[in-house]
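# Summary of the model geometry
Chain by chain, the residues run as shown.
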Amino acid sequence: MDRYNRHIILSEIGQAGQNKLSKAKVLVVGAGGLGCPVLQYLVAAGVGTIGIIDFDVVETSNLQRQVLFGSSSLGKNKADAAKNRLSDLNDSITIISYPEKLTFQNAIELFNEYDIIVDGTDNFETRYLINDACVITHKPLVFGAIFKFQGQVAVFNYNNGPTYRCAFPKIPKQGEVPNCSEVGVLGVLPGIIGTMQANEVLKIILGIGEVLSGKLVCYDALTNKSFTIKVKRSDEEIESILKNRDDFNKRKMDSVCKVENFEGSIKEFLNQENVQFIDVREVHEQPKIEGIPITNIPLSSFLEHLNLIDNDKKKAVFCQSGIRCKMAVFILNKHNIQDCYSINEGASEIIEILNNRHCEGGTTEAIHSNSMTHKKNTNE
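Owing to the predicted nature of the structure, the values given are computational and were not obtained by experimental measurement. (Residues numbered from 1 in each chain as written. Predicted model: local features only at pLDDT ≥ 70, side-chain atom pairs only at ≥ 80, totals over all residues. Heavy atoms only, no water.)

Another point: the nonpolar core. Core analysis: the largest hydrophobic core is formed by 45 residues, its most contacted members being Val26, Leu39, Leu42, Val47 and Ile52. Among all residues touching Ile52, those that are not within four sequence positions of it are Leu27, Val28, Ala31, Leu39, Ala79, Ala82, Lys83, Leu86, Ile95, Ile96, Ser97 and Tyr98. In this structure, Leu102, Tyr114, Ile117 and Val135 belong to the second largest nonpolar core, which totals 30 residues. (Core = buried A, V, L, I, M, F, W, Y, C linked by side-chain atoms within 4.5 Å. Buried < 20%, exposed > 50% of the residue type's maximum accessible area, 1.4 Å probe, protein only. Contact = heavy atoms within 4.5 Å.)

Among the five residues of strand β1 (residues 25-29), four are classified as buried, and the element is accordingly described as predominantly covered. The pairing of β1 with strand β2 (residues 49-53) spans five bridges and is classified as parallel. Bridge pairing in β2 places Lys25 opposite Thr49. Assessed by its sense of winding, the connection that carries the chain from β1 through helix α3 (residues 35-45) to β2 is right-handed. (Helix = DSSP H or I, 4+ residues; strand = E, 2+ residues; numbered from the N terminus. Pairing = 2+ DSSP bridges. Right-handed = clockwise from strand over helix to strand, strands pointing away.)

Attention shifts here to the pattern of salt bridges. In this structure the tally under the stated criterion is nine salt bridges. Glu210 is the partner of Lys215 in a salt bridge, and the nearest nitrogen-oxygen pair spans 2.1 Å. A residue is classified by how much of its surface remains accessible, and Glu210, at 54% relative accessible area, is exposed. Ionic pairing is found between Glu263 and Lys326, a salt bridge with its closest N-O pair at 3.9 Å. Taken together, the positions of Glu263 in strand β9 (residues 263-264) and Lys326 in helix α12 (residues 324-334) put the pair 63 residues apart, joining distant regions of the chain. (Salt bridge = Lys/Arg side-chain N within 4 Å of Asp/Glu carboxyl O.)

Running from N to C, α3 and helix α4 (residues 78-89) point in directions that differ by 35°, and their axes come no closer than 9 Å. Where α3 crosses over α4, the handedness of that crossing is right-handed. Touching Leu39, Gln40, Val43 and Ala44 of α3 are Ala82, Leu86 and Leu89, all from α4. Each residue belonging to the contact of α3 with α4 can be placed in one class, and the counts come to six nonpolar, one polar and no charged. (Axes fitted to C-alpha atoms, helices over the stretch in contact; angles between N-to-C directions. Left-handed = near helix turned anticlockwise from the far one by under 90°. Nonpolar A, V, L, I, M, F, W, Y, C, P; charged D, E, K, R; others polar.)

Next comes the structure, spelled out in structure tokens:
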């Protein structure tokens, strides 16, 4: 255990404390300015399982503060790029990347897999989503936020303490509060605030020190001064969240990647020519689809295989349930790849539709035409 020697010799931690860290599971939402230092220190500390969820890709403007990334990371998904870097930092723990958007559809299931949730996001819609999912799943939330030269840190929903909505009950209107891309941020600030978040995570896991529950620490990088605001628990806010838990999966955020205008049914695309059908499921996932030419590009490695996209064809993207394909279309659009559509049906529904078409008289000319094109490209 030489790696963790400096922890173990601390009487407040010892071998028992390090064992607690190795058994802990922490999910970091957002691998940006805040997420990078949080991840670095949690990985170095030996937290046993760390999840990283982020749908965004690394851009040049990120490198000023997102210290996990370098020039070789440009264009890659942040969750995947962070995992690659962190695996080198500590290969004795489990790191799981989720290159997708956190939504009302996947938050509950994902949060149930972890002990502590860390908010490293930069928009209010997602912050309220994270808070509500933490309340419903009974998970402590380690919160951080930055603005120009100032930052905030707090722990919400810890041991029946106040939640993020208790501190900020009203969601600001869109555009009311500018983000970092609009007003800028001091590069070292997220490093300071993110490290403070990591500290709170370790205290929660180890059961030491005074956790920032019910306290919002506000830090000013220009004056190096900080002050603390007390946050009271609002039973009304919490009860409102729990009352609406049954509707959680039906709700939508304005900030969720919107591809409503880029959706369609498999039936529509089967009747069209010059279509590339793209399966973004993992290679091992079942059921397999036959009868139409398929290009398999798993979402987990999507950015590394954009060269497989045929720019001359309309792209019809599908997955197991219709969620990952929307993210793939979002990524394609962000890379200025046009004519991309997510298929509403999942794999099982697609197979059923194909089987019905076969029983009704076989496939269409469009399918045969695409099949010939696919074979030609494969031979080349």
